[in-house]
Amino acid sequence: MPLTLEGSCRCGAVHFTVQSHTPVPYQRCYCSICRKTAGGGGYAINLGALADTLHVDGWDHVEVYQAEIARGDGCETSSGERHFCARCATALWLYDPRWPELLHPFASAVDSDLPEAPDHVHLMLADKPGWVPVPDGPGDRQFDGYPDQSLDDWHRHRGLRVD
């Protein structure tokens, strides 16, 4: 059985539950989108969940933001839909229609106790501001862009996938 994650926004207008096979928040993203929209200190999109299990109380307070991403000489709109509370601006989850079965709750919005990660992956370091330190614990890995393992692969490799 997957683990049930319960989450909410800061003001209490939105509460959600979702099922996750990959509930260990091991990724630390330093991209400008996560940093500036969620202020999550690298704790934004690092959980995976089953999209069809999402239950939301307070949908009428949920809005969607799609980031503009610089590509060469232009910009493109991200397909990632970042859901947030319109009342208090809490980042809640990301959904990308390219992977309709997945949902990525923001660990910072999850109220359930989450398992502690044995090591961490620091990603998108090319976007990290100079004043932000990157912890370097035993087993930690660092990437200028995206890591070489998916959320599911990382959990499976460490025996942490919840089935």
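Preceding block: the structure.
These remarks concern the structure in this document. Positions within a chain are numbered from 1, following the residues in the order the chain's sequence is written. Local features in this predicted model are restricted to residues whose pLDDT is 70 or higher, and side-chain atom pairs enter the listing and the counts only when it is 80 or higher, whereas totals over whole chains, interfaces and linings include all residues. Hydrogens are left out, water is left out, and the side-chain values use all remaining heavy atoms of the structure.

As for the overall build of the protein chain
(1) Moving on: Within the protein chain, the regular secondary structure consists of two helices and 13 strands.
(2) Moving on: Only the C-alpha atoms count toward the radius of gyration. The rule for a globule is 2.2 Å times the residue count to the power 0.38. Since a compact globule built from 163 residues should have a radius of gyration of about 15 Å, the 15 Å found for the protein chain is in line with a globular shape.
(3) Moving on: Along the three orthogonal principal directions, the C-alpha set of the protein chain runs to about 40 × 40 × 30 Å.
(4) Moving on: Each residue's exposure class comes from its accessible area (1.4 Å probe, protein chains only) as a fraction of the maximum for that residue type: buried when under 20%, exposed when over 50%, partly exposed otherwise. The buried share of the protein chain, taken over its 163 residues, is 44%.
(5) Moving on: Excluding contacts between residues fewer than 6 apart, the proportion of contacts in the protein chain whose partners are at least 24 apart in sequence is 58%.
(6) Moving on: Note on areas: Shrake-Rupley with a 1.4 Å probe; residue coverage comes only from the protein chains shown. When the accessible area of the protein chain is evaluated, it comes to approximately 8700 Å², of which 50% is carbon and sulfur surface.
(7) Moving on: A residue counts as positive if it is Lys or Arg and as negative if it is Asp or Glu; His and the chain ends are not included. The atoms used to mark charge sites are NZ of Lys, CZ of Arg, CG of Asp and CD of Glu. Measuring between centres, the 13 positive side-chain charges of the protein chain sit 5 Å from its 23 negative side-chain charges. Secondary structure is summarised from DSSP: a helix means a run of H or I of at least four residues, a strand means a run of E of at least two, and numbering begins at the N terminus for each. By the convention used here, residues are in contact when the closest approach between their heavy atoms is within 4.5 Å.

Concerning the packing of aromatic side chains
(1) Moving on: Put simply, two rings from Phe, Tyr or Trp (the six-membered ring, in Trp's case) pair if the centres are within 6.5 Å, and we call them stacked under 30 degrees between planes, edge-to-face over 60, tilted for the rest. In total, this model carries three aromatic pairs according to the counting rule given.
(2) Moving on: Taking the centre distance of 5.3 Å and the plane angle of 65 degrees together, the rings of phenylalanine 16 and tryptophan 93 count as edge-to-face. Of the two residues, phenylalanine 16 is situated in strand 2 (residues 15-20) and tryptophan 93 in strand 10 (residues 91-95); the sequence distance between them amounts to 77 residues. As far as burial versus exposure is concerned, phenylalanine 16 and tryptophan 93 are alike and both buried.

A word on the sheet that holds strand 3 (residues 27-29)
Hydrogen bonds along the backbone pair up the strands of a sheet, which may run parallel or antiparallel.
(1) Moving on: Taken in spatial order, the three strands of this open sheet run 3-12-13, and their pairing is parallel. Each of the sheet's edge strands pairs with one partner strand only, and the pair in question is strand 3 and strand 13 (141-142).
(2) Moving on: When strand 12 (residues 121-123) meets strand 13, the two strands line up parallel, connected through two bridges. Across the sheet, the residue bridging to valine 121 is arginine 141, located in strand 13. For two strands to pair, DSSP has to find at least two bridges joining them.

A few points about the nonpolar core
(1) Moving on: In this structure, Val14, Phe16, Leu92 and Trp93 are the most contacted members of the largest nonpolar core, which totals 21 residues.
(2) Moving on: Of all the secondary structure elements, the ones that give two or more residues to this core are strand 2 and strand 10.
(3) Moving on: If one sorts the elements of this core by residue count, strand 10 sits on top with four residues.
(4) Moving on: Setting aside chain neighbours within four positions, we find phenylalanine 16 in contact with Leu5, Glu6, Gly7, Ser8, Leu54, His55, Val56, Leu92, Trp93, Pro105 and Ala109.
(5) Moving on: The term nonpolar core refers to a set of buried residues drawn from Ala, Val, Leu, Ile, Met, Phe, Trp, Tyr and Cys, joined through side-chain atoms within 4.5 Å. Membership of the second largest hydrophobic core comes to 15 residues, among which are Tyr26, Ala67, Val121 and Leu123.

Concerning the sheet that holds strand 1 (residues 3-8)
(1) Moving on: Overall, antiparallel pairing links the three strands, which are arranged 1-2-5 in an open sheet. Each edge of the sheet is formed by a strand with only one pairing partner; in this case those strands are strand 1 and strand 5 (55-57). With direction set aside, neighbouring strand axes in the sheet form an average angle of 15 degrees.
(2) Moving on: Examined bridge by bridge, strand 2 and strand 5 share three bridges and lie antiparallel to one another. Bridging from a neighbouring strand, phenylalanine 16 pairs with valine 56 of strand 5. Axes here mean lines fitted to C-alpha atoms, for a helix over just the part in contact, with angles spanning 0 to 180 degrees between N-to-C directions.

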